[in-house]
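# Examining the three-dimensional arrangement
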Amino acid sequence: RRRLYLSISCNNLTQTHTSADMHRDAYADRPAPTGRKMLAVAALAAAAVAPCGASPTAAFQLPTGLTSARLQFAGSATSALAPSRRPAPRVALGGLHAKAESRGPLDHLRGAVVAGAFLLGVLGGGGVPDVHAQGPPTPNGARPAVSVDVQVQGDGAESPSDLKIRDATGKFFEILKDLDSSYVDTVDIDKLSETAFQSMLTSLDPYTEFENVKVAEEMKVQTFGNYGGVGLVITKAKDATGKDVPGVKVVDAFEGYAYKQGMRAGDLLLKVGGQDVTALSIPEVSNLLKGPADSSVNIEYKRPGVPATQQISLPRKAVVLRDVPLALTIGEGDQKVAYAKLRGFSSSAAAELFYVLNAFQKDGPAPSVILDLRGNGGGLLNSAIKVSDLFLSEGQKVVSTRGRILDDPSDRASQTPGFSQKENLDDKNVKTFETIYNAEQSVYYTPPLLAPQTKVVVLIDRGTASAAEIVAGAIQDHDRGLILGETSYGKGLVQQLQRLGKNGQQIKFTVGKYYTPSGRCIQSKSYKAGDKPGSGTTATKFNDADRKVFFTDSGRTVKDAGGIEPDVFVKSSETKMLSRELYRRDAFYQFADVWQAKHAADGEKLATTAGAEVISDAEYNDFKLFVQKNTVGLDTSFDKNLDTLEKSLKDQGFTEAISEVEALKGKLDGLIIKEFDTDKTNVKRLLASVIKARYLPDSAILQQSLENDPQIEKALAVLRDSKQYTAALSLSGNKATTTASATPANANKAAN
């Protein structure tokens, strides 16, 4: 197949028009069936309503045999309708449809391209004639025109890849057709297709996937950081084994939204909008809670410790999910340290962080700053670049991406100092593109926002990934601050979202790898397809011996292929097996209901008073008995392997050994129960945190979690000791003559 390029342009049109206002007369240079003429007119009508002054280009794959063609439309500029009232032209032939949806100028333009491409695809079998449609001139005699220019590139021969794709899609169509018409039971074509798509994509890597409408909407919320609703996070109620039971519980009530109205974590929803929700699924209840902005929804709910059912009317509005949920200062004077928690990279992340960093410096440069990226799983590449701009000097490299497609730099494309691209050939002689992003001047400030003397510590852990690793890597490679904590996740892959049709579905697929300023890719695993179809991928960690050494600006050594390794390693408070199982079983939340009912009179005072003992030793023992009474065996990470072993022994006839496996399971259960004593301090802390969430907003819970945090304590100690800070950065050492080693030969793609 050859690649077809269509470009729509407008000449002398000052208003947008509808096809109803055009007088059309289509003709062709040579005879064509009436259906094709009608299709041509419909396609040109779609182009006619495109806005003036736009010249987009889009690529489509069409059959061979096409020649260059030009489509023109001339119409009278007599009237205009609002975009939402324009009729939507439809073209149809042989059961195929292409529709130009009437939502706005860009949609009309897109519809014109689609309709034009569809037309050429139908006519492509025997060459493309010139097709024209014209109407009466405007009062000044001019004939406004919308034109579609078509160019076909290539020699007409299909590549081996094209042939394979065409063969595979043909087989897929035949399979679905046969199943739809002949399978013993009625099949759900949508479900079958989604299963096939998901199986195909997940065989590449864990991040390449098909997203149905629900998942695509969730991704949209993560990307833009807002959604329309009441500000509640809900989940199904669970029994003592961790299985879902009838009922919907509130997990979180957002500050400024449902929390402000009086809802709290732990509340049990009974009715939403007058409808009983106890037996409904979470998506069904979520749909009831959502609705038009500035409307409201009535909720009936029960609260532990309150006998009567309660009712409340919650307003619906745009709920903004803050990327910076907490910002504060610790200490006074020279000992003052500014702290900011960044938990995501939506489109507003950089603006939020800019605001709080600027506030820290209202009375002069901030002496020290802690940027907390722990648990930050990443987000938008562009947001990571803009966040890095806040810490780096203008012109310093932030990140580069390498892949087989040319990156779209979006709003950075016109800002030449911060963006450049170059073409390379990888070791397999495949063309790749490298995109380099540098720190650049903002309309609000010139990088860096922070004064050069401001000391910076970035906190990371095993949950720090992707965009968060870009920021940490840029700060580390330029020696702008210390990285403290645990080695990050190691996700050095960039994904791209691609919409599918008009139903809201999309695919997310990996298009490259990213590289920190020193030239290292921190991707820690390679992936290959599983042995059986549908089994996903098998991940393999890179061997430490194969990792290459790179250098920061001051000559410190850093390595690739293993995440961001901290300059100062500090282990976090570990969540042991018992605590993980108690979370999974919902035991913390279930006992919080018991505690809340018991402390109906003084619960809020206990939970909100600094230094108050929320869980006494007697109540901790009650919790231990509660867990043992209400759970039947605690699962461990070994159980699945032991179950497999037990089944294998049974299948092979070694039944005498099964009792020993059961005995081992019992012994492991006993060891886990012992963690109630050996890990008492940590379990009490986690239980108290769940209880406090019934009375305090998220920001207060997060602030309290900083107390007795070993990584926070170490960060404060380093920042308040200039000698220790400087020594860790090795700024007094000799600068290396080479600031980056050669790029690994097999690192041929770019990423996020």
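Preceding this paragraph is the structure being described.
Residues numbered from 1 in each chain as written. Predicted model: local features only at pLDDT ≥ 70, side-chain atom pairs only at ≥ 80, totals over all residues. Heavy atoms only, no water.

## Here's the deal with the overall build of the chain
What counts is decided by this rule: Put simply, DSSP marks the helices as runs of H or I at least four residues long and the strands as runs of E at least two long, and each gets a number from the N terminus on. Only protein chains enter the accessibility calculation, which uses a 1.4 Å probe; a residue whose area is less than 20% of its type maximum is buried, one above 50% is exposed, and one in between is partly exposed.
A tally of regular secondary structure across the chain gives 20 helices and 32 strands. Relative to its full complement of 752 residues, the chain shows a buried share of 44%.

## Comments concerning the pattern of salt bridges
Definition in use: By definition here, a salt bridge exists when the distance from a side-chain nitrogen of Lys or Arg to a carboxyl oxygen of Asp or Glu is within 4 Å.
The tally for this structure, following the rule as stated, stands at 26 salt bridges. Lys-508 is the partner of Glu-209 in a salt bridge, and the nearest nitrogen-oxygen pair spans 3.7 Å. Of the two residues, Glu-209 sits in strand 9 (residues 209-211) while Lys-508 sits in strand 27 (residues 505-515), which places them 299 residues apart along the sequence. The salt bridge involving Asp-372 is made with Lys-341; its shortest N-O contact spans 3.7 Å.

## A word on helix 20 (residues 722-729)
Going by this rule: Contacts described as polar in this section are N or O atom pairs within 3.5 Å, which, within protein, must combine one atom able to donate a hydrogen with one able to accept it, while residues neighboring in sequence count only if both atoms come from side chains.
If you check the start of helix 20, you find a side-chain oxygen 3.2 Å away from the backbone N of Lys-723, and it comes from Asp-721. Ser-730, located one to two residues past helix 20, shows a positive phi value of around 55 degrees.

## Remarks on the nonpolar core
As a rule of thumb, nonpolar side chains are buried together in soluble globular proteins. To be explicit about the condition: Residue types Ala, Val, Leu, Ile, Met, Phe, Trp, Tyr and Cys, when buried and joined through side-chain atoms within 4.5 Å, form a set referred to as a nonpolar core. Contact definition: two residues touch when any of their heavy atoms are within 4.5 Å.
With 45 residues, the main nonpolar core has Leu-342, Phe-345, Leu-353, Leu-357, Val-387, Phe-391 and Val-458 as its most contacted residues. Looking at this core, the elements that each hand over two or more residues are strand 19 (337-341), helix 8 (349-360), strand 20 (368-372), helix 9 (381-389), strand 21 (397-403), strand 24 (455-460), helix 10 (467-477) and strand 27. Setting aside residues no more than four positions away along its own chain, Leu-342 makes contact with Asp-323, Val-324, Ala-349, Leu-353, Leu-371, Asp-372, Leu-373, Asn-376 and Val-387. Formed by 24 residues, the second largest nonpolar core is a distinct cluster that contains Ile-615, Val-683, Leu-687 and Ala-688.

## Regarding the sheet that holds strand 19
Under the convention used in this document: A pair of strands counts as paired when DSSP detects no fewer than two bridges linking them.
With mixed pairing, six strands are arranged side by side in an open sheet as 18-19-20-24-25-32. Of all strands in the sheet, those with a lone pairing partner are strand 18 (326-330) and strand 32 (568-569), marking the two edges. Where strand 25 (residues 482-485) lies against strand 32, two bridges are found, and the strand directions are parallel. Each residue of the ladder has a partner; that of Gly-485, found in strand 32, is Phe-569.

## Describing the pairing of strand 26 (residues 493-500)
On a regular strand, each side chain points to the face opposite its neighbour's, so the side chains alternate between the two faces of the sheet. Summarising the sheet, strand 26 and strand 27 pair through eight bridges and their orientation is antiparallel. Bridge pairing in strand 27 places Leu-497 opposite Lys-508. Between strand 26 and strand 27, which follow one another and run antiparallel, lie four residues, and Gly-501 among them has a positive phi close to 65 degrees.

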